[in-house]
Amino acid sequence: MELTRRGIARILLTRHFSLIVPEWLKLLFSVAVVAAITGVILLLPWVLDTLAAALTVALAGVGCAAALVAYRLPRLYRWSRPALDLDDHPRLRAVVTEAVELAGFDTMPTVCLRGWGTVAVTRRRGGRLGDVVLPLPLLSALGADELRALIVRELLTVKRWSWHERWGVILLLNYHQDWEWLREACLPLRTSLWAEAGRLVGRELLAEASKAEIIASMAFVWHQCRYLMPFVFRGGPDDLFESFAWKVRTDGLLARIRPRAEALHAAECHTEELCVGPWTTPVPAAQSLIGPVPVKAVRRLSKALVNEIIGKDGGPAGRRPYRLDELPAADWAGPLSDERDHVIQAAATLLDRPATGRDVVNLVVAGRAEELRWWHKSQPCPHPTRGVCALLPLLDVALRGNGYTHEHPFTQRVLIGPEGDRVDLVELAGRVERGEVGAAVTERDPDADARRLAGESLAEGDALGWFERLYAESADGDAIVPWDSRAPHALLAEWSANVAGEGRRALVVGSGTGDDAEHVSGLGFDTVAFDVSETAVRLSRERYPGSRVRYQAADLLNPPEEWRRAFDLVVEIMTVQALPEELHQEAIAAVAGFVAPGGTLLVIASGREEGGAAFAPPWPLTRSEIDAFAAAGGLVAERVEELRDGERLRWRAEFRRPRV
């Protein structure tokens, strides 16, 4: 079949009539119908005979009209596109001007913003150039060259395509991708457009820009699904677009969603657009293409997006503005718990019986994550596998139930534990999916294994044996090492921001699986790291093959004699507190003894008040025990920080040994 005016008009009138009728006309018609019905009823004899009946009918008519206005009015925001004064945005003006000249137009169009979608150019009567419509999220994600190429492509549709050809492509891309005849009819149009645009801006650049547009659009769909949808009935948040720009520039969102975008569009080589060159991660302009957007305009865009989502269901016209980054943690708990319940329900449906989080893990490990049917499955996603997607809400709820909190409102995949340990949920979910960590991690306290094994060792009179057992069981996937975050401790990373270690030696006490030791080595220190567990040492070497760190097994309470006063930096992070209280003073003296003259000791530990109870590992340190590092080892306290987060207390202390 061919694209004809009559054929496209028939499709629009019979299947998509609402697309061609303006919202204001729908509102006007609805009110007119209500008024007409009310007028007819008022003319009925039995109504005219009774004043009360007439008033009742009139009030009912007014009420229906008001309800229709409240229902329809929010939809008008779908067409609300605030215009930009390009004099306030010189970089964007330069891009648009160059695109207009390349496309062969001699008039400068109005540039408008919208809150979602792709680059578009409107067409006025007689085929005249209308507005250039730019999605605000794309301006955060694309470079100047890519944006210019996309604008040229859309400008050419105004110049080359008639109205029915434009509608044919719109129907194909947005509504009827399964209509093979429409695909074949539109193919020559898209191919010729691609060829002309490619000659003007370059084939490779046009392909790169088209792919970048897809990646950025999918990223914003995920962003609004993750951060807007849970609160959509509150209205539009003021920082929806600001937070998306932050995730693009700071959190690597585009790089993480690119593989999924490529996979979903791998078969879409209808034109050369998606077939030229590899898929690469878009690189935003070094300086934003758009200057500050007025708060009023941002709120209009956010409100328009909200009403695009809920307006069809008669949602509220909007609420008082709010910011996502100011929402309390409790507000996020409900949506994340709901996600967990959806995944478990999907497992129950698949298994045809009641399910638990352990069932979800077993399905994921068995490679059946794709069979789980839950709402998130239909959304674009930046996570590496569907199994990780399914496990994330389970892990989040389990860890938050044990005192973990989100590191940042817009990086909720990272949690911080009560002891300051950092957990990347994506990395942890990947380990669970590969069978490296057991299903229990989704259901129990991460500290449970440490407490169990410590209790057994202490009952046997062995204060240190539980470390080896914990690491051995974790290597088999039967236990969780609660402090294994696969990242250096946040307080260490913060303290060492301006530290250089070239030409100096460092010792990391109780190094576990090596994350802190690798960080110290990365500062330039010649680093030695030890742990009492042989398995921990082996896991460190396996995790960091080729590392410059010298890992070895050693007992803090009986260290090698050559380590005495031998290190320019000693790092002790939560090792002493893992020992019973009666061993604290001996361990403190041993740690302090490693510091060379002129050297530094950094101590990071959980804290408790003097006389406060501690019943199981860890046994947090009191202020007097922190001070004991100086008293027992002949050190001088340079700084002792008392860090409080709610009821949680942590210490970060820095000591030095005098040179003489």
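Look up a bit, the structure's there.
If you're wondering where the values come from, they're calculated on a predicted model, not measured in any experiment.

Q: How would you summarise helix α25 (residues 623-633) if you had to cite specific residues and measurements?
A: The set of residues buried in α25 consists of Glu625, Ile626, Ala628, Phe629, Ala630 and Gly633. Where α25 terminates, the next one or two residues include Gly634, which has phi positive at roughly 70°.

Q: Could you give an account of the packing of helix α1 (residues 5-15) against helix α9 (residues 163-174), with specific residues and numbers?
A: Angle between the axes and distance between the axes: these two values describe a pair of packed helices. Where α1 meets α9, the closest approach of the two axes is 9 Å, and the angle between their N-to-C directions is 50°. Taken together, the axes of α1 and α9 lie oblique to each other. As for the relative orientation of α1 and α9, their crossing is left-handed in sense. Where α1 abuts α9, its residues Arg5, Ile8, Ala9, Ile11 and Leu12 lie against Trp163, His164, Trp167, Gly168 and Leu171. Taken together, the residues of the contact of α1 with α9 break down into seven nonpolar, two polar and one charged.

Q: Talk me through the packing of aromatic side chains; I want residue IDs and the actual numbers.
A: Overall, the coordinates contain 14 aromatic pairs when judged by the stated rule. The interplanar angle of 75° and the centroid separation of 5.4 Å between the aromatic rings of Tyr227 and Phe410 together place this pair among those described as edge-to-face. On the criterion of sequence distance, the pair formed by Tyr227 in helix α11 (residues 203-228) and Phe410 in the loop between β4 (405-406) and β5 (414-416) is long-range, its members being 183 residues apart. The two residues Tyr227 and Phe410 agree in class, both being buried. Through pairs of rings, three or more aromatic residues link up here, namely Trp222, Tyr227, Phe231, Trp246, Trp332 and Phe410. Lying over the aromatic face of Phe105, Lys159 brings its terminal NZ or CZ to 4.9 Å of the ring centre.

Calculation criteria
- Residues numbered from 1 in each chain as written.
- Predicted model: local features only at pLDDT ≥ 70, side-chain atom pairs only at ≥ 80, totals over all residues.
- Heavy atoms only, no water.
- Buried < 20%, exposed > 50% of the residue type's maximum accessible area, 1.4 Å probe, protein only.
- Helix = DSSP H or I, 4+ residues; strand = E, 2+ residues; numbered from the N terminus.
- Axes fitted to C-alpha atoms, helices over the stretch in contact; angles between N-to-C directions.
- Parallel < 35°, antiparallel > 145°, perpendicular 65-115°, else oblique.
- Left-handed = near helix turned anticlockwise from the far one by under 90°.
- Contact = heavy atoms within 4.5 Å.
- Nonpolar A, V, L, I, M, F, W, Y, C, P; charged D, E, K, R; others polar.
- Phe/Tyr/Trp six-rings, centres within 6.5 Å; stacked < 30°, edge-to-face > 60°.
- Lys NZ or Arg CZ within 6 Å of the ring centre and 35° of its normal.

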